[in-house]
Amino acid sequence: MEAVVLNKSDVTSWVRGLLASYRVVGPTSAAEGVVHYTPLAEDGPVVLDGLRPIRSPKEHFIPATETLLAFHGTAKAISLEAPPAPTRETVILGVRSCDARALTRLDDVFLKRKETDSLYGNRRKTTRLVGLACESPSWGCFCTSVGGSPAASEGLDLLFTDLGDRYHIAILSEAGRELIAGAGFAAATDADASAAKAQHAAAVDRMPPFFDAKAVAEKVEWDAPVWMHYAKRCLACGACSFLCPTCHCFDIQDDATADGGVRFRCWDTCQFGDFTRMGAGHNPRQTQKERVRQRVSHKFKYLVEEFGRQGCTGCGRCVEACPVNIDLRQVLHDVEGAKR
Amino acid sequence: MSDAGNLYVPNLAVIDRIVEETWDTRTFRAVFTDAGMRERFSYHPGQFQEVSVFGVGEATFCLASSPTRTGYVEFSAKKVGALTSALHELSEGETVGIRGPYGNWFPYDMMQGKNLLFVGGGIGMAPLRSLLNFCLDRRGDYGHIDIFYGARTPGDLCYTKEFEAWRSAPDTSLYLTVDKGGPGWEGKVGVVPAYVREIAPASRNAVAITCGPPIMIKFTLPELGKLGFSDEQIITTLEMKMKCGVGKCGRCNIGHTYVCLDGPVFTYAQLRKLPPEF
């Protein structure tokens, strides 16, 4: 694989160079070490390494709230206005392998399932992803249980591996090559490649699989007691869904003003009671048991049946965020073992 | 530059006729503002659309009109929530948004040459009306048509102005019934499944198409079974909560089946294979 190296002291000037041609989004530290993906300013700090950002870059493809159209006038005379398509290309830095893989899962829904969602598709087409191999996985991580790895390259254009004073950069696509063209980076040596490989292997070693995802897909049962077991303490807060890089469900609502308004979509979750409640009151998923079953079955069975791959990449955010300590790894372990 | 491919931008349509079907249900006839869209919006009986009242939101309605009757689309709305209440506030001449058509449709080609048994209850008659009027407009393509239609009271029956046309169509029978009679009602009193049992339409070379309240469906299916209808010969259409209508918003799945994409029309044989979550 073709690769180059970049001294850490040169990262800032490289990013500044990118900012001349692209909108650049990268991890930035907020208070108390919490990291978010935010658009970088011309003179702002560039911090590639650090904690896994608290949210995935999902929101740069399906924003938490997004205008679908604006309407002007009243019911007697109305005109519609669609939002503009992006005019500038975006580069996202520091993308974790699990999150890049998660975007390929969102592609299944937004681009492959029947009609194409152009709002999502245009952002995908105009965004390049620069990955960062995970050196030390977080405590909730389980990418190796769902066919991933802390240094997987799927969906990425470049993959950075931290070699101490420099990064090893694997070139994974033409779009990635363009980002480093002309920057004068030295080609990676065999020693650099070995060091990157060793680092990847060490990270994998720190993450023994918790369950067998393939076995789970076969063992997700409709009437298993496991659903009620976890539903009993689930608060239906939706934190798991909102932090999940593959959860994509949304609501569509209108916001009216005196002379018009906007129609927008916003993140929603199958964990909420009224998610499937119809106008006249009928609700196919009456209790939290059905909703817990839906979320797990959808990710580990239904999507496997539909697209041949899980709707989970093991980022572990749901595990770490759940206020009542529902650990998805344990849920799947229970499903696999058909316990409870 | 606006994004022309945006799936969520509806077509504007003017409500040109509102029919007061019952005390809580109205049928709206809408004509697309754009003349080209009137031509392009072609659909099949059984498909659905997303209808919006700007400033209130969108909801899912089956196309209640038949594509054989061109120039407009119709949908019937029972006043149950915010959006349907807003629809009921609209006057003729006002504008709504329409996206669609979405979903699959009744297999009307496969039904050719067969006897048809329609079994509808309440507002569930809306999708059946699309297929029924379609078949009546191509009367020669289909065999005998039996129409069973029931509601709670005479005042809850929709499409009453069309009963005469249905009744007088060649080789067509209309069986109306209400759970509870009232002043001026001289017709049948009783539930739909019992009426089906009494008339006992033949299942040979026939297809049953049913839509209505779950309780009606529940008791109609065994009656159809006793008449010899196989699960493959019974077709229904499902109602599920939907937002996008195009398989993105994640609301209408039953197992890996998306009602908006794979449905809303299913045979009873197909439904039996789905998880019981609808």
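Scoring rules and cut-offs
Residues numbered from 1 in each chain as written. Chains lettered and ligands numbered in written order. Predicted model: local features only at pLDDT ≥ 70, side-chain atom pairs only at ≥ 80, totals over all residues. Contact = placed C-beta atoms within 7 Å. Helix = DSSP H or I, 4+ residues; strand = E, 2+ residues; numbered from the N terminus. Nonpolar A, V, L, I, M, F, W, Y, C, P; charged D, E, K, R; others polar. Pairing = 2+ DSSP bridges. Axes fitted to C-alpha atoms, helices over the stretch in contact; angles between N-to-C directions. Buried ≥ 20, exposed ≤ 12 C-beta atoms within 10 Å, placed from the backbone. Right-handed = clockwise from strand over helix to strand, strands pointing away. Domains from an automatic or database assignment.

> What's the story with the interface of chain A and chain B in this structure? I'm lost.
It is common to report an interface's size as the accessible area lost on association of the parts. Contacts between chain A and chain B engage 44 residues on the former and 38 residues on the latter. Put simply, the parts of the chain that give the side of chain A that touches chain B at least two residues each are β4 (65-74), β5 (77-81), α2 (97-112), α3 (118-125), β11 (250-257) and α9 (288-307) of chain A. If one sorts the elements of the side of chain A that touches chain B by residue count, β11 of chain A sits on top with six residues. The residue makeup of the side of chain A that touches chain B, split by class, is 24 nonpolar, seven polar and 13 charged.

> Got a minute to help me understand the sheet that holds β5 of chain A in this structure?
Either a parallel or an antiparallel arrangement is found when strands of a sheet pair, and the pairing is made through backbone hydrogen bonds. Residues and elements named next belong to chain A. Pairing in this open sheet of four strands is antiparallel, and the strands run β5-β4-β12-β11 from one edge to the other. What marks the edges here is a single partner per strand, and that holds for β5 and β11. Averaged over neighbouring strand pairs, the angle between their axes works out to 25 degrees when direction is ignored. Sheet analysis places β4 next to strand β12 (residues 260-267), joined by seven bridges and oriented antiparallel. When the bridges of β12 are listed, Ala-70 appears paired with Val-262.

> Would you mind showing me how to read the pairing of strand β9 (residues 172-178) of chain B here?
All names here are of chain B. Counting buried positions along β9 gives five out of seven residues, so the element sits mostly inside the fold. Handedness of the strand β8 (residues 145-151)-helix α4 (residues 163-168)-β9 crossover: right-handed. In the sheet, β9 pairs with strand β10 (residues 188-189) via two bridges, with the strands oriented parallel. Bridging across to β10, Val-178 finds its partner in Val-189.

> Could you clarify how one ought to interpret the domain arrangement of chain A in this entry?
Residue and element names in this part refer to chain A. Assigned domains of chain A: these are domain 1 (3-62 + 76-205) and domain 2 (213-337). Relative placement of domain 1 and domain 2: their C-alpha centres are 26 Å apart. Counting residues at the interface gives 23 residues for domain 1, matched by 18 residues for domain 2.

> For this particular structure, what's the right way to read unusual backbone geometry?
Keep in mind that most residues, glycine aside, have a negative phi and that most peptide bonds are trans. Residues and elements named next belong to chain B. In this structure, the amide linkage connecting Gly-100 to the following residue, Pro-101, adopts the cis form with an omega of -10 degrees. By the secondary structure assignment, Pro-101 is in strand β6 (residues 95-102). In this structure, the amide linkage connecting Gly-263 to the following residue, Pro-264, adopts the cis form with an omega of 10 degrees. Within the secondary structure, Pro-264 is located in the loop between α7 (259-262) and β15 (265-267). For Ala-200, which is not glycine, the phi dihedral falls at a positive 50 degrees.

> Help me understand the domain arrangement of chain B in this model?
Residues and elements named next belong to chain B. Assigned domains within chain B: domain 1 (11-102) and domain 2 (115-237). For domain 1 and domain 2, the distance between their C-alpha centroids amounts to 24 Å. Opposite the 16 residues of domain 1 that make contact, domain 2 presents 15 residues.

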